[in-house]
Amino acid sequence: MKILFRSNRLCLRFINKNYSTAPKSLATVNVNGKEYRTDDYTNITPKITSYINRNLHLKKDNPLSLVRQRIVNYFYGSFTHGGNPSFSVYDNLSPIVTSRQNFDDLLIPEDHPSRAKSDCYYINSSTLLRAHMTAHQSELLRAGLDNFLMIGDVYRRDEIDSTHFPVFHQVDAVRLQRKHDLFENHPDLDIFEPSFDPWNPHAYTNSISNPTKQSCHTLEATKLMEAQLKNHLIGMVKVLFGDDIKYRWVDAYFPFTHPSWELEIYYENDWMEVLGCGIMRNEILANAGPNNSIAYAFGLGLERLAMALYKIPDIRLMWSTDSGFLSQFQNKDVNASIEYKPVSSYPQCTNDLSFWLPPTLTIDSFMSNDFYDLVRDIGGDVVEQVKLKDKFVHPKTKKHSLCYSIVYRHLERTLTQAEVNKIHDEIARATVNAFNVVIR
Ligand code: DAH
């Protein structure tokens, strides 16, 4: 669940094979009851489609929902207007979005690594499962909203281990202020530099080359927003983790905010990143409507918070329907401190899979995320982890070889070695078919 839009993310690799279990011959694919045309971007799998509508964040007794409720309560309590909460909550938006919503509206450049097929679940080249809740920012601004939370499931192709799952949940927020809100007590101060004409924002190149602010904004407006944003988010983290929680701010980069930060908390002897945030790029606001305001935004992942708060050791447990898991969160006050107790821990089984790549592929061009999706499709949720164990280039033939360890564990019972071998053999066969490899 790492934050996607960091400038330093190494993920732009070249795609030469597109693994997908969707039949290639069909020109359409059905997602959530609707037919979509397919093209060479299509990489959504039936397994991934099956997670749409699970809505864990809305299931009353799911740990993700408990954290969601605590965050929403904090927002409702922090800002009221005439006794009513001034934030509105959107937690029922369809996860099927356009690439315009997910990327273009947010100023994510054409060649940004986060758009790669290897990182997103595309239905076709213009439609995908949202990779972050920020995808809904512009449409809600266009609808005239100024303080809102967007909560839902997001989809990213990723590695497999106890903290990564291709579907997770985020809370994203926008708080917008006009001059009279922000500078109520300082009416001579302005949001925009005198040289900037907010009524003609497109004629103005809004530079972000100065690290402290966007060129259109005054330093005072930026700093006041920064202070409110940081104060607000520290308040939230204290409500969740207690007043003594240690935290720090780290400078960050996101295409849709400037300046940007990440908030980290000190948890179990290490710094843990909990959210990304910043001052929204003025172009996004101006394109979506409000051109006389300044806004801050942030986004956080619910799984990471729930795992830390309730000491849940494996992200797959969030999806469990087992009563041994769910009953620990049932009928609890949302603020109760709950510590998850493993129902019992069943043994792991580790099998290795080694293969020679075809001459067209090298260790670096092999798309590991395609392989992880294949393993997930066939192994399902009993796959706990896939680790690259070894890579090797034959000195004479120059052929490349990879060895992955696949760790199997059922969350609710013991798997037999025979059961595991059957799944493992199926994965091996599918790997041969999909990538033209030769098992060693
Ligand atoms: N969308 C980012 C991600 O998923 C998180 C984020 C960062 C959201 C900054 C925001 C923001 O709204 O302002 O990695």
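Just so we're clear, the structure is a prediction, and the values are computed from it rather than from any experiment.

Engineer: Explain the pattern of salt bridges here, please?
Structural biologist: For side chains bearing opposite charge, pairing can occur when the charged atoms are close. All chains considered together, the criterion is met by 22 salt bridges. Arg-157 is the partner of Asp-373 in a salt bridge, and the nearest nitrogen-oxygen pair spans 2.7 Å. Residue Asp-373 is found in helix H10 (residues 368-379), and its partner Arg-157 is found in the loop between strand E9 (147-155) and strand E10 (167-178); the two are separated by 216 residues along the sequence. Of the residues examined, Arg-157 reaches a relative accessible area of 2% and is grouped as buried. Glu-226 is the salt-bridge partner of Lys-230, the closest N and O atoms lying 2.8 Å from each other. Here Lys-230 and its partner Glu-226 are both found in helix H6 (residues 219-241), 4 residues apart, which amounts to about one turn of the helix. In this structure, Lys-230 and Glu-226 share a single accessibility class: buried. Connected through salt bridges with shared partners, the residues Asp-314, Arg-316, Glu-384 and Arg-409 form a single ionic network.

Engineer: Mind showing me how you'd approach the site of the ligand here?
Structural biologist: Taken together, 18 residues surround the ligand, and among them His-132, Thr-134, Arg-156, Gln-170 and Asp-172 come closest. Separating a nitrogen atom of the ligand from a side-chain N or O atom of His-132 is a distance of 2.9 Å. For the ligand, an oxygen atom lies 2.8 Å from a polar atom in the side chain of Asp-172. Looking at the shell around the ligand, the elements with two or more residues in it are E10, strand E13 (270-280) and strand E14 (293-301).

Engineer: Got a minute to help me understand the domain arrangement of the chain in this structure?
Structural biologist: Size of an interface, as often reported, equals the accessible area lost when the parts are brought together. Parsing the chain into structural domains produces domain 1 (28-310) and domain 2 (349-439). Taken together, the contacts link 15 residues of domain 1 with 13 residues of domain 2. A combined buried area of about 1,200 Å² lies between domain 1 and domain 2, and 50% of that area is made up of carbon and sulfur atoms. Of all residues in domain 1, Lys-47, Arg-157 and Ile-160 give up the largest surface area on contact with domain 2, accounting jointly for 50% of the area buried on that side. As a salt-bridge pair, Lys-47 and Asp-381 come within 4.0 Å of each other at their nearest N and O atoms. Put simply, domain 1 and domain 2 have 9 residue pairs in polar contact (both at pLDDT 80 or more) between them. Residues belonging to the side of domain 1 that touches domain 2 are distributed by class as follows: 5 nonpolar, 4 polar and 6 charged.

What counts as what
- Residues numbered from 1 in each chain as written.
- Predicted model: local features only at pLDDT ≥ 70, side-chain atom pairs only at ≥ 80, totals over all residues.
- Heavy atoms only, no water.
- Salt bridge = Lys/Arg side-chain N within 4 Å of Asp/Glu carboxyl O.
- Helix = DSSP H or I, 4+ residues; strand = E, 2+ residues; numbered from the N terminus.
- Buried < 20%, exposed > 50% of the residue type's maximum accessible area, 1.4 Å probe, protein only.
- Near = heavy atom within 4 Å.
- Polar contact = N/O pair within 3.5 Å; in protein donor to acceptor, adjacent residues only side chain to side chain.
- Domains from an automatic or database assignment.
- Contact = heavy atoms within 4.5 Å.
- Buried area = accessible area lost by both parts, 1.4 Å probe.
- Nonpolar A, V, L, I, M, F, W, Y, C, P; charged D, E, K, R; others polar.

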